[in-house]
Amino acid sequence: MTERAISEAWEAGKAQWPDVQLDREMFAVHLETVDPTAASRYPADLYLAAACIARDPVALTIFDREVLVSARGAIGAIDGSSQFIDEALQRLRTSLMVGDGGAPRLTMYAGRGPLRAWVGIAAARTALMMRRSQKRAREVTSDDDWTSSLAMISTNNPELELLKRQYAAAFGVALHDAVAGLEPRLRSVLKMSYVDGLSIDEIGTIYVVHRATAARWIQRACDEVFEKTRALLAERLSLSSTELDRMNAMVRSQLDVSLSQLLPADVE
Amino acid sequence: MSSEAPTECPTDDTLGALVEHALDATEAARVSSHIDSCELCRAVVVAAVRGESKTPPTKLAAGTPSLPAVEAAASAKSLVGTRMGRYEIRSLLGVGGMGQVFAAYDAELDRSIALKVLRPELARAASVLAERLVRESRLMAKIAHPSVITVYDVGREGHAVFIAMELIRGETLAAYVARTRPGWREIATIFERAGQGLAAAHDAGIVHRDFKPDNVLVESEAAQVTKIVVTDFGIAMAAVLADAVNEMAGSTPESRAPASASLARLTATGVAIGTPAYMAPEQLAGGAVDRRADVFAFSVSLWEALFGERPFRGNSVEDLRAAMKRKPSAPRGNVPSRIVRALERGLAIDPDKRWPDMRALLRELAAARSTRRRTIAIASAGGAALVGLGIAGALVLSGSANADPCAKGLDGLARSESIAREIGGVLDAAAKKKLDDTLAAWRDTHRATCSADRDPPQALTVVACLEARKLELDAFLDDTKHDGAKASPMSRIMVDPARCKDPRQGLLFSRVPADPVQRRAATELRYRAFDIEAARDRSEFATALPQAKRLVEEAGTAWPPVQAELLYLLGTTQSMGGHNADAIVTLREAAALGERTHHAYIAANSWIQLIYVAAFDDGDPERALEYATYADAALDGIGRPSDLEVLFLYFKGSAMVEGDQSKDAEAILRRAVALAEQHAPQYLDRATLGLGYLFEDQGRYADAVEAYRRAIEQLERSGVTTSAHTFRERLAINLALLGQAVEAEQVARDAVAIAERSVGDDNIDRPIARTNLAQVLLHVGKREEALVEVRQGGKLLAKIMGERNERYGEILSLEGTILVEMERFEEAAKVLARACEIIAFGAGDGSSQHAECQLSQSIALDGLGKSREALALVDRALETLEMFDGEVHPRVASAYVQRGALRDTIGQKAAAIADLEKAIAAFEQLQLEPGHLAGAKWALGKIVWKTDRARGQRLIEEAVALFAKGSASWAPAKADAEEWLRTNGRPASR
């Protein structure tokens with residue numbers, strides 16, 4: 001790492017955070033550790049991170065006030081109760097500043113993106129782990145289970161709706177199989193849309209594509225899933241007569257078709 | 001996007017960079033792929049991204065049951081008072097699975113609309129659904145049809161998608177039918193309108209796939225249906241109604257109409273999913289679906305509305321499939337078999353065997369529904385065949401079983417004769433003679449029967465029969481004494497007492513139980529029946545009907561033949577009182593019981609009555625002819641008495657005319673007339689009318705004139721004065737059609753005078769006579785007077801029957817026609833528009849009456865210069881008329897002339913020529929007033945003139961010659977033609 005790179009970063013940081021005090025040597029070491037090739041385009045953020053690790057009070061205040069904000073959002077996306085948010089925030093802060101038995105997590109930030117974004121990711125991770133450890137009933141724990149939520153979507157297709165009502169179990173199985181047969185991208189996008197409740201814009205953001213592309217993906221995913229489901233059902237229902245007999249005895253189920261029931265299901 | 005093995009999870013740093021779009025393309029792609037297969041990373045990224053977004057999602061904890069409808073409504077209420085696009089949301093109408101529907105106000109166009117809003121969370125999470133919704137709305141917006149819900153606008157507001165639609169303040173068709181329980185005719189009319197909406201959608205390439213009575217909305221005002229709209233084309237729950245709101249307010253599915261409760265259609269959030277019972281079998285199998293699936297669903301819906309149950313029943317797809325293996329069977333009822341057959345075809349399991357499209361089915365339904373009634377038809381025709389029932393007869397045997405029937409002797413006769421002398425002054429000569437003859441015949445027969453060498457058993461029945469006749473006689477005498485000459489004509493019917501001499505016939509009039517106790521009971525019942533019968537004949541149904549019902553109930557354990565008689569009484573009372581459905585059921589019972597108890601007389605009368613009720617009141621000529629075969633057999637059993645035979649022939653012949661078997665009908669009706677002249681003058685009027693209508697239908701006006709003239713003579717001779725005005729009206733019209741103007745007018749005026757004299761103020765015979773006079777005046781060219789008369793007639797009729805009935809529409813139509821002749825096109829168009837609307841509603845959109853009105857309307861439009869509109873109307877009208885009349889019929893031919901002229905105006909020369917040539921060919925075949933043929937030739941001549949001078953000239957010359965032979969009303973046309981020849985023609989090519 002060149003002297004010049006360090007100086008540039010230093011200047012950028014001071015310009016952005018004039019009140020923050022940081023030892024130049026300490027900064028240089030930190031910089032060389034996390035970003036040896038000086039590829040980061042966010043030197044000021046690195047500066048702030050380093051200052052926090054060095055426990056500069058001004059830096060810490062700024063961090064709490066401006067950076068942790070995005071953490072609230074990300075945590076709230078997993079569980080909106082203020083209790084949870086507060087607790088997760090607490091854990092996050094501790095983890096960032098003090099570490100979980102190792103170095104402070106903040107040292108992992110390498111400046112590839114803005115600090116705020118990185119903190120958001122870290123917060124999400126923290127919150128998810130908290131969730132997992134809380135062992136709630138009826139969590140969607142694996143890839144498989146979320147398809148049963150998908151079953152609740154109204155397909156806007158009367159024939160399929162009919163089959164869904166009459167043969168709920170078989171429908172669930174067929175749906176699961178149909179989803180499993182999707183390409184990973186489509187499956188992922190489908191889940192984001194229906195289960196996570198992301199908008200097209202947001203999905204576009206994640207995959208760095210135009211919202212129209214994201215919309216097309218979702219459409220395609222839906223179409224493929226329901227087509228496959230219908231085909232599977234048609235095939236299976238006429239094959240297995242014992243299955244049919246059992247279904248005849250089944251009471252009409254009243255599957256709810258409200259999408260809002262899906263939203264925002266807990267996701268592990 | 002290949003499916004690789006999951007790679008190692010990227011660092012948080014990398015992920016952070018990803019969502020900030022700070023990674024280069026290659027790396028971003030790699031990370032994206034990883035996210036596709038790594039649940040944890042995906043979750044993390046998702047959470048982070050959501051955390052960044054401005055609109056916080058509404059979160060539910062895992063395991064929360066879906067929002068109950070009420071909560072959804074509560075959250076929706078918050079939208080009330082806000083704006084969505086340019087619409088101000090006013091109130092919540094209902095909630096569906098796909099969104100809420102609000103009543104909203106569009107300030108820009110100043111109207112209320114229905115606004116369907118896709119719930120914000122939904123739009124966010126499933127924008128694909130939103131896209132779909134928008135796409136379907138666009139399709140819907142392409143259809144402009146009164147029976148398809150109109151989509152005004154589609155738009156987005158933030159995350160929400162909204163659709164602006166027509167606002168319907170009403171209820172579902174299912175609810176309407178359950179609430180009002182209309183008759184089959186109205187149900188068919190309403191469904192036809194909905195079906196037209198479906199057809200329009202098919203034209204635009206849209207298949208509904210979910211047609212059912214819940215998806216049809218009905219707006220009605222004061223028991224009149226004003227709007228029928230099909231909604232929800234592939235969109236769950238479009239415009240919503242009181243129905244849905246009520247359900248969410250707590251009523252259970254079971255409290256609704258039984259047929260809909262059997263398959264619970266609503267889920268907790270009030271969403272209706274496609275109900276399997278309406279789905280076509282190919283739909284259930286998940287196969288390809290085209291417009292014929294809608295035909296199936298429509299047929300199921302109409303079947304359910306008509307019969308109260310679905311054609312295929314089952315609680316699961318399997319049950320339904322099994323039920324579909326068998327043909328559906330319609331429950332017994334009034335619905336004409338033609339309609340049932342049309343629906344059976346609509347319900348064919350194989351789509352290739354079904355109606356190919358909605359229009360084919362609708363045409364069939366329209367044809368089945370319309371009855372062919374005359375324009376300005378004959379008035380009130382409570383037509384029960386009331387030969388003296390002789391019910392109360394025979395039971396005058398009182399006293400011990402061995403009493404001598406002749407013991408009573410001629411005691412009662414003296415009283416009758418004295419009353420007869422009293423009322424002699426009131427009756428006209430013919431009637432008086434009849435009365436005297438009858439009394440004499442009675443006396444003679446009695447004497448002959450009770451002579452010294454009589455045969456006791458025979459004497460019994462003959463005397464019993466005579467007693468019955470005497471009761472009838474006395475009833476007539478009392479009636480006339482009471483009401484004077486205006487007494488009900490029915491009571492003037494008197495069976496010849498001499499008939500009692502025939503043992504077989506005597507038996508028929510006097511069934512008597514052997515047991516004296518039973519005999520007394522039967523006597524009591526019959527006496528009471530006789531009073532009820534008299535009340536019925538005076539049209540006092542308010543008393544007669546409940547009394548008749550009660551009598552039948554009380555007679556539950558009585559002697560069966562008497563029961564049959566009482567049932568017959570009830571049935572005829574119901575029929576005359578207008579309760580056709582009940583009448584049919586009762587009369588069938590009477591016939592059956594009559595057959596079983598060998599009361600052949602009652603059986604025969606019941607079957608004969610049924611012919612009438614089925615053909616005319618129920619519009620089912622096929623069933624009527626079925627009854628005719630039974631009546632025929634029963635008549636054989638009683639030796640075919642002439643009076644019943646005449647009625648039988650008249651009813652059967654008329655039923656055949658209704659059922660389009662006119663050729664065979666003529667022979668039958670002629671026989672009826674001949675027989676009536678000889679033996680049953682009291683039915684001569686009916687028989688003649690039957691024959692006359694037949695001739696008029698076929699355009700054989702000369703034959704009709706002859707028949708009516710003859711009838712008038714006959715009736716005068718025999719002293720029966722009923723229908724005197726009626727015959728004159730029909731005679732006048734036919735004379736006018738034949739061009740005999742002066743006589744026609746005279747006879748028509750006579751008819752009006754007679755009607756005023758002989759019927760009461762509230763009898764529609766009077767306005768009808770006036771209207772017929774107007775028609776005659778029109779034919780003879782006296783338009784101003786015709787206008788006066790028709791308006792007078794209309795006013796009178798409206799006073800009696802109100803303005804919403806078909807007859808009033810026909811009178812208005814005539815007024816419009818007169819105005820057209822007077823070239824007052826503006827007024828005419830208005831009047832005719834109203835007339836056609838009323839007629840369409842009464843007689844049906846596809847009825848011949850409506851078609852005729854449309855023809856008149858089109859002339860008015862053409863007069864106003866709206867030739868294209870006029871042509872469109874004539875096209876529709878012709879389609880209908882051809883269906884009813886075939887190509888060679890006066891009114892069809894006239895319509896061709898009309899259309900030919902219009903087509904020429906628009907520039908469709910070749911088509912115009914084709915039409916006119918058809919018209920000419922038809923007129924040449926028919927024996928009409930020559931002016932019609934002249935008019936057609938004149939019109940054609942003008943058109944071909946430009947391309948074929950010689951032919952044109954020839955045609956017009958022929959036309960002029962024919963005009964000269966025609967009636968006065970063609971004079972202007974003749975003048976035009978002559979003028980044309982003068983200015984354009986070559987010198988006469990002779």
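None of the values given here were measured: they were computed from a predicted structure.

Chemist: Which residues make up the sheet that holds strand S7 (residues 171-172) of chain B, and what are the values?
Modeler: Residue and element names in this part refer to chain B. Strands sit in the order S7-S8-S9 across an open sheet of 3 strands; the sheet is antiparallel. Every other strand in the sheet has two partners, leaving S7 and strand S9 (224-230) as the edge strands with one partner each. As defined by bridge partners, S7 adjoins strand S8 (residues 216-221) across 2 bridges and the pair is classed as antiparallel. Looking across to S8, one finds that Thr-172 is bridged to Leu-217. Seen against the sheet, helix H8 (residues 184-203) touches S8 and S9 and runs at an angle of roughly 40° to S9.

Chemist: Break down the confidence of the model for chain A for me, with residues and values.
Modeler: All names here are of chain A. Scored by pLDDT, chain A has a mean of 72; 69% of the residues are at 70 or more. Below pLDDT 50 for its whole length, residues 136-144 participates in 15 contacts with residues either more than four positions away or in separate chains. Confidence drops under a pLDDT of 50 for residues 239-268, and excluding neighbours within four residues, the segment shows 86 contacts in the predicted structure.

Chemist: Residues and numbers for the nonpolar core, please.
Modeler: All names here are of chain B. Trp-607, Ile-608, Ile-611, Phe-648, Val-776 and Ile-818 are the most contacted members of the largest nonpolar core, which totals 106 residues. By residue number, the principal contributor to this core is helix H24 (residues 600-617), which donates 12 residues. Beyond its immediate chain neighbours, meaning those up to four positions away, Ile-611 contacts Ala-624, Tyr-627, Ala-628, Ala-631, Phe-648, Phe-651, Lys-652 and Ala-655.

Chemist: So what's going on with the side chain of Thr-189 of chain B? Which residues, and what values?
Modeler: All names here are of chain B. With respect to the helices and strands, the residue Thr-189 is situated in helix H8. Residue classification places Thr-189 among the buried residues on the basis of a relative accessible area of 15%. Reaching out from Thr-189, the side chain makes a polar contact with the backbone oxygen of Arg-185 at a distance of 2.7 Å.

Chemist: Before we move on, can you summarise unusual backbone geometry with the specific residues and values?
Modeler: We note that Val-208 of chain A has phi near 55°; this positive angle belongs to a residue other than glycine. Considering the arrangement of structural elements, one finds Val-208 of chain A in the loop between helix H11 (200-207) and helix H12 (211-239). Although it is not a glycine, His-21 of chain B sits at a positive phi angle of roughly 60°. Taking relative accessible area as the criterion, His-21 of chain B reaches 44% and is therefore assigned partly exposed.

Chemist: So, the state of the cysteines: which residues are in play, and what are the values?
Modeler: Residue and element names in this part refer to chain B. Applying the stated rule across the entire model yields 1 disulfide over all chains. Bridging Cys-836 to Cys-853, the disulfide has an S-S length of 2.1 Å. Its torsion about the S-S bond being -105°, the disulfide of Cys-836 and Cys-853 is classed as left-handed. A residue pair is termed long-range when its members are at least 10 positions apart, and Cys-836 in helix H35 (residues 825-843) and Cys-853 in helix H36 (residues 848-863) qualify at 17 residues. Take Cys-836: its relative accessible area is 4%, and that puts it in the buried class. For Cys-853, a relative accessible area of 0% translates into the label buried. The thiol of Cys-38 is unpaired, and the distance to the nearest cysteine sulfur, on Cys-41, comes to 3.6 Å.

Chemist: Quick one: what's the story with the environment of Leu-738 of chain B, residue by residue and with numbers?
Modeler: Residues and elements named next belong to chain B. Considering the arrangement of structural elements, one finds Leu-738 in helix H30 (residues 724-738). Taking relative accessible area as the criterion, Leu-738 reaches 22% and is therefore assigned partly exposed. Note: C-alpha distance between Leu-738 and His-779 (41 residues apart in sequence) is 9.7 Å.

Chemist: Lay out the packing of aromatic side chains with the relevant residues and their values.
Modeler: Considering all chains together, one arrives at 17 aromatic pairs over all chains under this definition. Taking the centre distance of 6.0 Å and the plane angle of 80° together, the rings of Trp-938 of chain B and Trp-980 of chain B count as edge-to-face. One end of the pair, Trp-938 of chain B, is in helix H40 (residues 930-944); the other, Trp-980 of chain B, is in helix H42 (residues 971-984), and 42 residues separate them in sequence. Judged by its relative accessible area of 9%, Trp-938 of chain B falls in the buried class. Of the residues examined, Trp-980 of chain B reaches a relative accessible area of 23% and is grouped as partly exposed. Linked through ring pairs, Trp-10, Phe-27 and Tyr-47 of chain A together constitute an aromatic cluster. The lysine or arginine in question, Arg-24 of chain A, covers the ring of Trp-10 of chain A, its NZ or CZ lying 5.9 Å from the ring centre. A cation sits over an aromatic face here: Arg-111 of chain B above Tyr-152 of chain B, 3.6 Å from the ring centre.

Conventions adopted
- Residues numbered from 1 in each chain as written.
- Chains lettered and ligands numbered in written order.
- Predicted model: local features only at pLDDT ≥ 70, side-chain atom pairs only at ≥ 80, totals over all residues.
- Heavy atoms only, no water.
- Pairing = 2+ DSSP bridges.
- Helix = DSSP H or I, 4+ residues; strand = E, 2+ residues; numbered from the N terminus.
- Contact = heavy atoms within 4.5 Å.
- Axes fitted to C-alpha atoms, helices over the stretch in contact; angles between N-to-C directions.
- pLDDT = per-residue confidence, 0-100.
- Core = buried A, V, L, I, M, F, W, Y, C linked by side-chain atoms within 4.5 Å.
- Buried < 20%, exposed > 50% of the residue type's maximum accessible area, 1.4 Å probe, protein only.
- Polar contact = N/O pair within 3.5 Å; in protein donor to acceptor, adjacent residues only side chain to side chain.
- Disulfide = S-S within 2.5 Å.
- Phe/Tyr/Trp six-rings, centres within 6.5 Å; stacked < 30°, edge-to-face > 60°.
- Lys NZ or Arg CZ within 6 Å of the ring centre and 35° of its normal.

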